[in-house]
Amino acid sequence: MYEIARRHLGKVVAGAAMAVTGTAVAVAISLPGVSGAESPPRAAGDSTLAGTAGGAGASAEADGAGAAESGAGAQAQGTAPPPATVAPAAAEGEKGVGSDPLTDDELARAETLALTPSGAAAQQNVEGGRGPQHLGTGLADPLPGDGTRRAEVRFYDYGRDELITRTVNLTTGKVERSAAQRGVQPSAHPEELREALELILASPLGKGVKEDYKDATGKELTSTGQLWFNGDLYRTYREANVPAPLTRCGEHRCVRLVTKVLNGAWIDTRDLIVDLSARTVTRVG
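Here the residue numbering is sequential within each chain, running from 1 through the sequence in written order. In view of the model being predicted, local features appear only for residues whose pLDDT reaches at least 70, and side-chain atom pairs are presented and counted only at 80 or more, with totals across whole chains, interfaces and linings using the full set of residues. Note that the side-chain values use all heavy atoms of the structure and ignore hydrogens as well as water.

Draft legend 1. Molecular detail of the overall build of the protein. Secondary structure elements are defined from DSSP: runs of H or I of at least 4 residues count as helices, runs of E of at least 2 residues count as strands, and each element is numbered from the N terminus. Scanning the protein from N- to C-terminus turns up five helices and nine strands. Reading the protein from its N terminus to its C terminus gives the helix and strand order α-α-α-β-β-β-β-α-α-β-β-β-β-β. For the protein, the proportion of its 285 residues judged to be buried stands at 28%. Long-range contacts, defined here as pairs at least 24 residues apart, represent 49% of the contacts in the protein between residues at least 6 apart. For the exposure calls, accessible area comes from a 1.4 Å probe over protein chains only, and a residue counts as buried if that area is under 20% of its type's maximum, exposed if over 50%, partly exposed in between. Contacts: residue pairs with any heavy atoms within 4.5 Å of one another.

What follows is the structure in structure tokens.
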């Protein structure tokens with residue numbers, strides 16, 4: 001009886017030893033000496049950063065190759081996509097609808113109708129010629145319950161320094177409303193800015209502008225077409241010191257320009273103010 005118990009106990013001990021051995025082997029397999037998270041030993045002079053970059057590069061290369069093969073396979077099975085196309089813009093009609101912006105035909109018609117009154121011949125544009133200076137045309141606000149499209153046309157009469165606003169009914173062709181105001185100065189029109197630059201170049205104060213142009217290009221400045229320019233109204237209430245010749249700006253139409261050589265250097269003209277009503281140039285600052 002004792003011998004049987006001893007043999008049975010021996011088997012249990014042996015089984016337990018084998019289980020422990022198996023567990024150790026499993027741990028050894030799942031925890032190798034060099035894992036993906038560890039870096040293998042390197043020779044002197046190797047950097048960890050270089051090794052990391054190289055590993056990532058190799059992985060990305062392999063992924064890229066796989067993606068390329070997959071893409072090539074897909075393209076081989078299917079057909080190439082058609083080239084992209086841009087749909088042409090819809091043709092613009094002679095008349096707009098509702099609150100649509102005015103069409104080119106409506107803009108031209110509104111300006112012609114607004115100039116019909118006989119008094120237009122006595123007015124002056126920015127160059128001193130006959131007829132008022134056109135500043136802009138836009139869609140007028142609709143009247144309540146009335147879907148008729150109207151245009152609001154703005155002119156400036158340099159002869160009287162007046163802003164003229166006329167409302168044109170685009171259906172009947174009649175000027176329904178006309179108003180004249182003094183001391184009201186909307187933003188400058190490109191034609192006014194060009195005339196201001198002409199006056200600067202013709203003025204003795206334009207000498208510095210011509211010199212700056214020659215320094216920048218090696219050529220003579222002879223026309224406004226050689227410069228890029230922009231600008232807007234000179235407003236006296238924004239200025240700390242207003243020279244005496246510019247005190248009527250606001251009643252007169254005065255502008256300040258910024259200019260530069262076409263595709264080149266800036267030429268500073270911000271200190272030159274042009275009174276378009278008096279056709280004078282004054283330096284400020």
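Now, onward.
Draft legend 2. Representation of the state of the cysteines in the model. Two cysteine sulfurs form what is called a disulfide whenever their separation falls within 2.5 Å. Tallied over the full model, the rule gives one disulfide. In this model, C249 is linked to C254 through a disulfide, with the two sulfur atoms separated by 2.1 Å. Taking the sign of the S-S torsion, -85° for the link of C249 and C254, the bridge is left-handed. Just as C249 is buried, C254 falls in that class too.

Draft legend 3. Spatial organisation of the nonpolar core. We define the nonpolar core as a collection of buried residues of types Ala, Val, Leu, Ile, Met, Phe, Trp, Tyr and Cys that are connected through side-chain atoms lying within 4.5 Å of one another. Within the largest apolar cluster, 26 residues are counted, with the highest numbers of intra-cluster contacts made by I200, V209, V255, V274 and L276. Those residues in contact with V274 that sit more than four places away from it in its chain are A196, L199, I200, R253, C254, V255, T280 and V281. A110, A114, F155 and I164 belong to the second largest nonpolar core, which has 10 residues in total.

Draft legend 4. Representation of helix 4 (residues 190-202) in the model. With 13 residues, helix 4 should reach 18 Å at 1.5 Å per residue; the first-to-last C-alpha distance of 19 Å fits that figure. Within the span of helix 4, buried status applies to E192, L193, E195, A196, L197, L199, I200 and L201. For helix 4, the elements touching its buried residues are strand 1 (133-139), helix 5 (207-217), strand 5 (227-233), strand 6 (254-261), strand 8 (272-275) and strand 9 (280-283). Every helix has an expected span of 1.5 Å times one less than the residues it contains.

Draft legend 5. Expanded view of the pattern of salt bridges. Salt bridges, as used here, are contacts in which a Lys or Arg side-chain nitrogen is within 4 Å of a carboxyl oxygen on Asp or Glu. Under the definition given, this model contains 12 salt bridges. For D146, the salt bridge goes to R150, with nearest N and O atoms at 3.0 Å. Since its relative accessible area comes to 8%, R150 is described here as buried. E162 is the partner of R182 in a salt bridge, and the nearest nitrogen-oxygen pair spans 3.4 Å. Here R182, found in the loop between strand 4 (175-181) and helix 4, pairs with E162, found in strand 3 (residues 162-169); they are 20 residues apart in sequence, far enough to count as distant. Taking the relative accessible area as the measure of exposure, R182 reaches 55% and is therefore exposed. Shared partners join several salt bridges into a network, and the residues in it are D146, R150 and E176.

Draft legend 6. Quick look at the packing of aromatic side chains. Ring pairs shown here join Phe, Tyr and Trp side chains whose ring centres sit within 6.5 Å, with only the six-membered ring taken for Trp; geometry is labelled stacked below 30 degrees between planes, edge-to-face above 60, and tilted in between. Summed over the entire model, instances satisfying the criterion amount to two aromatic pairs. Centre to centre, the rings of Y156 and Y158 are 4.9 Å apart; their planes meet at 65°, and the pair counts as edge-to-face. Residue Y156 is classed as buried on the basis of its relative accessible area, which comes to 1%. We classify Y158 as buried; its relative accessible area is 7%.

Draft legend 7. Region of interest: unusual backbone geometry. The backbone of D161 sits at a positive phi, close to 50°, despite the residue not being glycine. Here D161 lies in the loop between strand 2 (150-157) and strand 3.

Draft legend 8. Looking closely at the environment of N263. Within the fold, N263 resides in the loop between strand 6 and strand 7 (266-267). Exposure remark for N263: the relative accessible area of 81% places this residue in the exposed category. Residues N263 and W228, 35 residues apart in the sequence, show an inter-C-alpha distance of 8.3 Å.

Draft legend 9. The sheet that holds strand 4, seen in detail. Paired strands, as defined in this entry, are two strands with at least two bridges between them according to DSSP. Across the sheet, four strands lie side by side as 1-2-3-4; this open sheet has antiparallel pairing. The strands lining the two open edges of the sheet, one partner per strand, are strand 1 and strand 4. Taking the axes of each pair of neighbouring strands and ignoring which way they run, one obtains an average angle of 15° across the sheet. Lines are fitted to the C-alpha atoms to define the axes, a helix being fitted only along its stretch in contact, and any angle between axes, read from their N-to-C directions, falls within 0 to 180 degrees. On top of the sheet, helix 3 (residues 104-114) reaches strand 1, strand 2, strand 3 and strand 4; it is set at about 55° to strand 2, its chief contact.

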